[in-house]
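For reference, the chains in residue letters:
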Amino acid sequence: MTVRRVVPNVRSEAMRENREFYGLLGLEEVMNLGWVMTLASPTNPTAQIGVMTDDRTGPVVADLSIEVDDVDAAYAAMRDSGAEIVHPLRDEEWGVRRFFVRDPNGRVINVLTHLG
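An unreviewed UniProt entry lists the protein under the name VOC family protein, with Streptomyces javensis given as the organism.

1. Details of helix H2 (residues 71-81)
At 3.6 residues per turn, the α-helix brings residues three or four places apart onto the same side. Within H2 the residues assigned to the buried category are Val71, Ala74 and Tyr75. Relative to the axis of H2, the buried residues are bounded by an arc of 100° and lie together on one face. Turned more than 90 degrees off the buried face of H2, the exposed positions are Asp80 and Ser81. Looking at the buried residues of H2, the elements they touch are strand S5 (64-68), strand S6 (85-91), strand S7 (96-102) and strand S8 (108-114). The opening residue of H2, the one whose side-chain oxygen lies 3.3 Å from the backbone nitrogen of aspartate 72, is aspartate 70. A positive backbone phi angle near 90° is found at glycine 82, which sits one or two residues after H2.

2. Some remarks on the pairing of S5
Pairing of strand S1 (residues 3-11) with S5, which is carried by five bridges, proceeds in the antiparallel orientation. Bridging across to S5, proline 8 finds its partner in leucine 64. Here four bridges tie S5 to S8, and the two strands are oriented parallel to one another. Paired with glutamate 67 across the two strands is leucine 112, which belongs to S8.

What counts and how
- Residues numbered from 1 in each chain as written.
- Predicted model: local features only at pLDDT ≥ 70, side-chain atom pairs only at ≥ 80, totals over all residues.
- Heavy atoms only, no water.
- Buried < 20%, exposed > 50% of the residue type's maximum accessible area, 1.4 Å probe, protein only.
- Helix = DSSP H or I, 4+ residues; strand = E, 2+ residues; numbered from the N terminus.
- Arc of directions from axis to C-beta.
- Contact = heavy atoms within 4.5 Å.
- Polar contact = N/O pair within 3.5 Å; in protein donor to acceptor, adjacent residues only side chain to side chain.
- Pairing = 2+ DSSP bridges.

What follows is the structure in structure tokens.
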């Protein structure tokens with residue numbers, strides 16, 4: 001399995017303010033669904049941060065997102081290890097296949113791959 005990127009997620013009601021703040025550090029908005037926004041470096045697009053008001057298709061705002069090339073294999077590995085699955089593997093209407101798992105520190109990790 002290959003990791004494509006790791007993205008910290010910040011829960012916030014201040015979307016515009018976050019876009020402006022992180023813009024001062026060189027990040028630009030690359031995706032905005034209203035409830036989730038991705039800011040990325042224009043010179044290193046895998047350097048990203050996610051800002052979310054809530055998660056419209058998941059039970060909580062995950063602390064971290066890890067994009068992998070084979071989310072089904074990642075799900076099977078986590079399930080077989082006995083890790084707590086917080087949100088089952090499924091295709092989301094906004095173009096990702098994902099699941100949430102709790103890490104040993106209690107953090108919720110969003111493991112995903114983009115569809116299509």
